[in-house]
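# Notes for the structure review
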Amino acid sequence: MLFAHVFGPLLAQHPARAPRPGSVAGLVLGSSLALATTGCGRKAEAQWIPDDAAVVRCTVSGPNLQLPHLVDELATPLPPTGLLARKMDPIALDELGYERDRIVCATMQTPSAEELERASAAIEELSELRKTIKPTVRNLGRCRCTYAEAIDAKGLISGCRDTPTDESCEPEAEQVEALQEALAPLRAKLETTEVPRIHWRMVGRSDRLGRFAARRDELIARHPGGSEVYVPGNPLPPRYGAKLIAAMLSEDHVVAVVSQDSGQGLLVVREIGSLLVLDHFSHPDWGGHARADEYILLTMMEDAQIERYRAALDAPTSARALQLEPRDGYLIEVDRDALERVDRAAEISTNFVARNYDPAREQRVLPPLLTDRVTLQVPFGTEGTTLRARYRLTKEGRKWTEFAAGAPLVETLADLGEPDVIPRFVAARGRAGGLFQLRGTATERLLFAGLTGLPKVLLAIEAANPGSIEGDFNDWQVALPSGPLPGELKSRDGVRELRERLSIDPHTLSGGLSKDGGYVDVELARR
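To keep things clear, this report deals only with the structure shown in the data block. Here the residue numbers are simple positions, counted from 1 along each chain's written sequence. Confidence filtering applies because this is a predicted model: local features only for residues at pLDDT of at least 70, side-chain atom pairs given and counted only at 80 or more, and all residues used for totals across whole chains, interfaces and linings. Excluded from the side-chain calculation are hydrogens and water; included are all heavy atoms of the structure.

Where helices and strands are cited, they refer to DSSP runs of H or I of at least four residues and of E of at least two residues respectively, numbered from the N terminus. A count of helices and strands for the chain gives 19 helices and 16 strands. Buried residues are those whose accessible area, probed at 1.4 Å on protein chains only, stays under 20% of the maximum for their type, while exposed residues exceed 50% and partly exposed ones sit between those limits. For the chain, buried positions account for 54% of its 527 residues. The protein chains shown are the only cover counted for residues, whose accessible areas, like all others here, come from Shrake-Rupley with a 1.4 Å probe. Summed over its atoms, the accessible surface of the chain is roughly 22,600 Å², and 48% of this surface lies on carbon and sulfur atoms.

See below:
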């Protein structure tokens, strides 16, 4: 059910304080955004949104603006707390130094298919290499950690990193050389084994450059994990991960680097011209399956792959044309194929921590997928009571709508009906926790698997209240009265909150098919 799956959980909160339509605040905000987002500034910011981004979230910066609860409840991946923008609310963006009344966008970057294939093969090779080396290292006896310390390799040997030096052991030259030789293939492999990571980027214009470095202690408090801030010229501690931090600090335009969660996360802050660009890197949530030794090895790998991080800081070669205009309202755009690649990256990464997630053992049931990209927007000045959605149709989705174009909607609903398949996901290894961004999430259930149930819901509404549906498939409108939804519609995730909202206020659900047949537009508004 489209609005049950999409709009239900979104309308559970009361409207936020936002400029009213026609109010002075609304007019000022609209005029400011129209001026601020045109010209070269707008073009410069848009160029940082990659064409293949999995998620794009755009909002406006301002000290007196409040993010509508409706946006806060959208069933989409949220930026990490390590990005220090909370949930990208206007006040948090203003405090970071983004220019007021200007659009700021955050994007989840998507790994390429080639990256995934390369990572999968390299992690498997690394795992086999570690198994091969293990007996040789063990045969060096109880003093092997002492030998490893002599060649700065304690992090490469399980159990050695936090083992105090044994005073009864001496770094015998022959044994140290034997260990050096045994570990040489492993050191070389660390330089080429890329464990997939999650990369978010936030970009917008700043009129207070230097603010991050000046207020860093206050800003890092937004992240619940530990944070260590480094600025150019700071001495670095002699530990794993310091080489990467030093390299990032030496990059052009970098004003600060923040190591987070004991080195598991990294935030790179740049001021490029008038733009404030934040890049956040972390690894998928392995649910506590990674050992301390594996995190140390991961940090050593990153020290050996500085060029990989430098390349990740580059602006995209191809920019995204968003389906809706960010200056019209708070916007979130999600791409299903890109999220599938993000999930595949997370799946591959589990092989590094010996969790070896097997997708063949998943149970994943989905209805026909009619849309592959969804854009949601809460327009400025609507007090958080209106939600617009644009669905880009797949090839199957276009076939679904072809015969109904131009016909009265009420006459085509029965033929448009698809099997009412309830999305279901059972992870291969019990609960997947936070491993996936799409599989089994509300994003999958409510956005990408909700379109097929719309005809059934509309038929039930029309049967209970004849005349509720007006217009043809290209331009239709449905009056939703207050009170419970009619019929024997089963409750699903997200439906309960919709029913609560609809029981209080009547709404209008309207929509239509684009002229080229490639998109379905839907709007839900309180009457």
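This is not the end of the story, as more comes after the structure.
Below, the discussion takes up empty space enclosed by the protein. Here a cavity denotes a set of grid points, spaced 1 Å apart and computed over the protein atoms alone, in which a 1.4 Å probe fits but from which it cannot get out, and a pocket denotes an open set meeting protein on both sides within 12 Å along at least five of seven lines; residues with an atom within 4 Å of a point are reported as lining. Grid points are joined across faces, edges and corners, and a volume is the space filled by probe spheres set on the points. Taken as a whole, this structure holds nine cavities of 30 Å³ or more when the rule is applied. As for the largest cavity, its lining consists of 16 residues, of which Leu244, Gly263, Gly265, Leu266 and Glu302 are closest to the centre. Among the secondary structure elements, those contributing two or more residues to the lining of the largest cavity are helix H11 (242-249), strand E6 (265-272), strand E7 (275-282) and helix H12 (292-303). Computed from the structure, the second largest cavity encloses a volume of approximately 90 Å³. Lining the second largest cavity are 13 residues, with Trp400, Leu454, Phe473, Trp476 and Val520 sitting closest to its centre. Broken down by secondary-structure element, the contributors of at least two residues to the lining of the second largest cavity are helix H16 (409-416), helix H18 (454-464) and strand E15 (507-513).

Note on terminology: disulfide denotes any pair of cysteine sulfur atoms within 2.5 Å. Under the criterion given, the structure shown has three disulfides. One disulfide bridge connects Cys58 with Cys105, the sulfur atoms lying 2.0 Å from each other. Looking down the S-S bond of the Cys58 and Cys105 bridge, the torsion is 110 degrees, so its handedness is right-handed. Of the two residues, Cys58 is situated in strand E1 (residues 55-60) and Cys105 in strand E2 (residues 103-108); the sequence distance between them amounts to 47 residues.

What follows covers the pairing of E7. Among the eight residues of E7, eight are classified as buried, and the element is accordingly described as predominantly covered. Where burial is concerned, the two faces of E7 agree: the one with Leu275, Val277, Asp279 and Phe281 and the one with Leu276, Leu278, His280 and Ser282 are both buried. Note that strand E3 (residues 198-205) and E7 share eight bridges and pair antiparallel. In the sheet register, Gly204 faces E7, and the bridge partner there is Leu276. Note: two strands are recorded as paired if DSSP finds a minimum of 2 bridges between them. Linking two consecutive strands that pair antiparallel, namely E6 and E7, is a turn of two residues; a positive phi of about 60 degrees is found at Gly273 within it.

Looking now at the side chain of Arg201. Mapped onto the fold, Arg201 is located in strand E3. For Arg201, a relative accessible area of 1% gives the class buried. Pairs of N or O atoms within 3.5 Å make up the polar contacts considered here, provided that, within protein, one atom can donate a hydrogen while the other can accept it, and that residues adjacent in sequence are counted only when both atoms are side-chain atoms. A distance of 2.9 Å separates a polar side-chain atom of Arg201 from the backbone oxygen of Ala312.

So, about the pairing of E15. Among the seven residues that make up E15, six are buried, leaving the element largely enclosed by the rest of the structure. Two strands pair when backbone bridges link them, and strand E14 (residues 475-480) and E15 are joined in this way by five bridges, in the antiparallel orientation. The residue bridging Val478 from the neighbouring strand is Leu509, located in E15. When E15 meets strand E16 (residues 519-526), the two strands line up antiparallel, connected through seven bridges. Following the sheet pairing, Ser510 is matched in E16 by Glu523. Hairpin connection between E15 and E16: a loop of five residues separates the two successive antiparallel strands, and Gly517 in this loop has a positive phi of roughly 75 degrees.

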